[in-house]
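Chain by chain, the residues run as shown.
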Amino acid sequence: MADVCHRLYDRGLVTATDGNVSARLPGGGFVATRSGVNKGMVTGKDLVRLTAEGEPESKGKRPSTELDMHLFIYRMRPDVNAVVHAHPPYATAFAAAGVALDQPVLPEILVTFGTIPLAPYATPSTPDVAQSIAPFVGTHTAILLANHGVVTYGSDLIDAYFRMEKVEHAATIIFRAGLLGGVRNLTGEELNRLRDASRRNYGKDIST
Ligand SMILES: [Zn+2]
């Protein structure tokens, strides 16, 4: 978990004390980064063990202020074992501009994520954030948070972290394509062929 935090910081996906990471523990309960720690400097001492209800097991270390959002995702998605929240600059620029990453542009992103929706603005570190993502959590694994950042989640920490990397990479490419005159969306026929390939190669449909 500390390694994932270091990667988030080293790749510029967070800065200062931004972002938070959590994981579901096999025996029930969770572990989350503590509040106010630079992700580039996280050690084991900066991780907080939480009960199945999300309460810190020991006093003294305050978990991330976005813990409500993490717990909400775990409650809605029993298949999810890790959640990563960051403020990657390109993806957050889309979120600040009110633009979802929901156009059929990059085949690999479509196969991995389907669309990447934009949740309406909610004040960070309040229960409103969980409410804002509620319509998307069941059907997506990456969500832009308007004027705020990005949350990704997956079957384990590496899966959730890789999704964050991929969202930022896609946002960077689509932003730069915009500078070159704009993206060319895949045609309906190209999308159909991609859907067939996704079913054949990965046994899954593209969720849009
Ligand atoms: Zn945040």
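Up top you'll find the structure we're talking about.
**Q** Give a detailed account of empty space enclosed by the protein, specifying residues and quantitative values.
**A** Evaluated as defined, the whole model comprises two cavities of 30 Å³ or more. By volume, the largest cavity is sized at about 70 Å³. For the lining of the largest cavity, the residue count by class is eight nonpolar, two polar and no charged. For the second largest cavity, the calculated volume is near 30 Å³. As for the second largest cavity, its lining consists of Pro-120, Tyr-121, Ala-122, Val-129, Ser-132, Leu-145, Ala-146 and His-148. Here the residues of the lining of the second largest cavity sort into six nonpolar, two polar and no charged.

**Q** How would you sum up the sheet that holds strand β3 (residues 47-50)? Please name residues and give values.
**A** The sheet built from seven strands is open, its strands ordered β3-β2-β1-β4-β7-β6-β5 with mixed pairing. If you trace the sheet from one side to the other, it starts and ends with β3 and β5 (118-119), each paired once. Taken together, the five bridges between strand β4 (residues 82-86) and strand β7 (residues 149-154) define a ladder with antiparallel strand orientation. Residue His-85 lies in a different strand from β7, and its bridge partner there is Val-151.

**Q** Any details on the side chain of Lys-39? Residues and values, ideally.
**A** The topology assignment puts Lys-39 in the loop between β2 (30-33) and β3. Of the buried charged residues, Lys-39 lacks a salt bridge, with Asp-18 as the closest side chain of opposite charge at 7.5 Å. A distance of 3.2 Å separates a polar atom in the side chain of Lys-39 from the backbone oxygen of Asp-18. Within the structure, Lys-39 has its side chain in polar contact with the backbone oxygen of Val-37 (distance 2.6 Å).

**Q** Pulling in residues and values, what's your account of helix α6 (residues 157-179)?
**A** The end-to-end C-alpha distance of α6, which contains 23 residues, comes to 34 Å, matching closely the 33 Å that a straight helix rising 1.5 Å per residue would cover. Two to three positions downstream of the cap, the backbone nitrogen of Ile-158 sits 3.2 Å from a side-chain oxygen, assigning the N-cap of α6 to Asp-156. Taken from the residues just after α6, Gly-181 is the one with a positive phi, measuring 115°.

**Q** Residues and numbers for the packing of aromatic side chains, please.
**A** Under the counting rule described, the total for this entry stands at three aromatic pairs. An angle of 50° between the planes, with centres 6.1 Å apart, marks the rings of Tyr-161 and Phe-162 as tilted. For Tyr-161, a relative accessible area of 0% corresponds to the buried category.

**Q** Residue-level account of the coordination of the zinc ion, with values.
**A** For the zinc ion, the full set of protein donor atoms is His-85 (NE2), His-87 (NE2) and His-148 (NE2), and the range of their distances to it is 2.1 Å. Look at where the donors of the zinc ion fall in the sequence and you get H-x1-H-x60-H. Remark: His-148 occurs in the loop between β6 (142-145) and β7 and His-85 occurs in strand β4; sequence separation between them is 63 residues.

**Q** Outline the nonpolar core, supporting the account with residue identities and numerical values.
**A** The biggest cluster of nonpolar side chains holds 35 residues, and the ones touching the most others in it are Leu-8, Val-21, Leu-101, Ile-116, Leu-144 and Val-167. Contributing elements (two or more residues each) for this core: α1 (2-10), β1 (20-24), β4, α3 (89-97), α4 (107-113), β6 and α6. In terms of residue count, α6 provides more of this core than any other element does, eight residues in total. Counting residues in each nonpolar core, the second largest holds 23 residues, with Leu-67, Met-69, Leu-71 and Phe-136 among its members.

**Q** Account for the pairing of β6, with residues named and values stated.
**A** A two-sided burial pattern is seen for β6, the buried positions comprising Ala-142 and Leu-144 on one face and Ile-143 and Leu-145 on the other. Relative to β6, β5 runs parallel, the two sharing two bridges. Directly across from Leu-118, in β6, lies its bridge partner Leu-144. Once the chain exits β5 it traverses helix α5 (residues 128-137) before rejoining the sheet at β6, and the crossover so formed is right-handed. Direction of pairing for β6 relative to β7: antiparallel, over a ladder of four bridges. Residue pairing across strands places Leu-145 opposite Gly-149, the latter belonging to β7. The antiparallel hairpin formed by β6 and β7 contains three residues in its connecting segment, where Asn-147 sits at a positive phi of about 55°.

Reading the values: rules and limits
- Residues numbered from 1 in each chain as written.
- Predicted model: local features only at pLDDT ≥ 70, side-chain atom pairs only at ≥ 80, totals over all residues.
- Heavy atoms only, no water.
- 1 Å grid on protein atoms, 1.4 Å probe; cavity = no way out; pocket = protein on both sides within 12 Å on 5 of 7 lines; lining within 4 Å.
- Points joined across faces, edges and corners; volume = space filled by probe spheres on them.
- Nonpolar A, V, L, I, M, F, W, Y, C, P; charged D, E, K, R; others polar.
- Pairing = 2+ DSSP bridges.
- Helix = DSSP H or I, 4+ residues; strand = E, 2+ residues; numbered from the N terminus.
- Buried < 20%, exposed > 50% of the residue type's maximum accessible area, 1.4 Å probe, protein only.
- Lys, Arg positive; Asp, Glu negative; His and termini not counted.
- Salt bridge = Lys/Arg side-chain N within 4 Å of Asp/Glu carboxyl O.
- Polar contact = N/O pair within 3.5 Å; in protein donor to acceptor, adjacent residues only side chain to side chain.
- Expected span 1.5 Å × (residues − 1).
- Phe/Tyr/Trp six-rings, centres within 6.5 Å; stacked < 30°, edge-to-face > 60°.
- Donors = N, O, S within 2.8 Å, 3.2 Å for Na, K, Ca; no water.
- Core = buried A, V, L, I, M, F, W, Y, C linked by side-chain atoms within 4.5 Å.
- Right-handed = clockwise from strand over helix to strand, strands pointing away.

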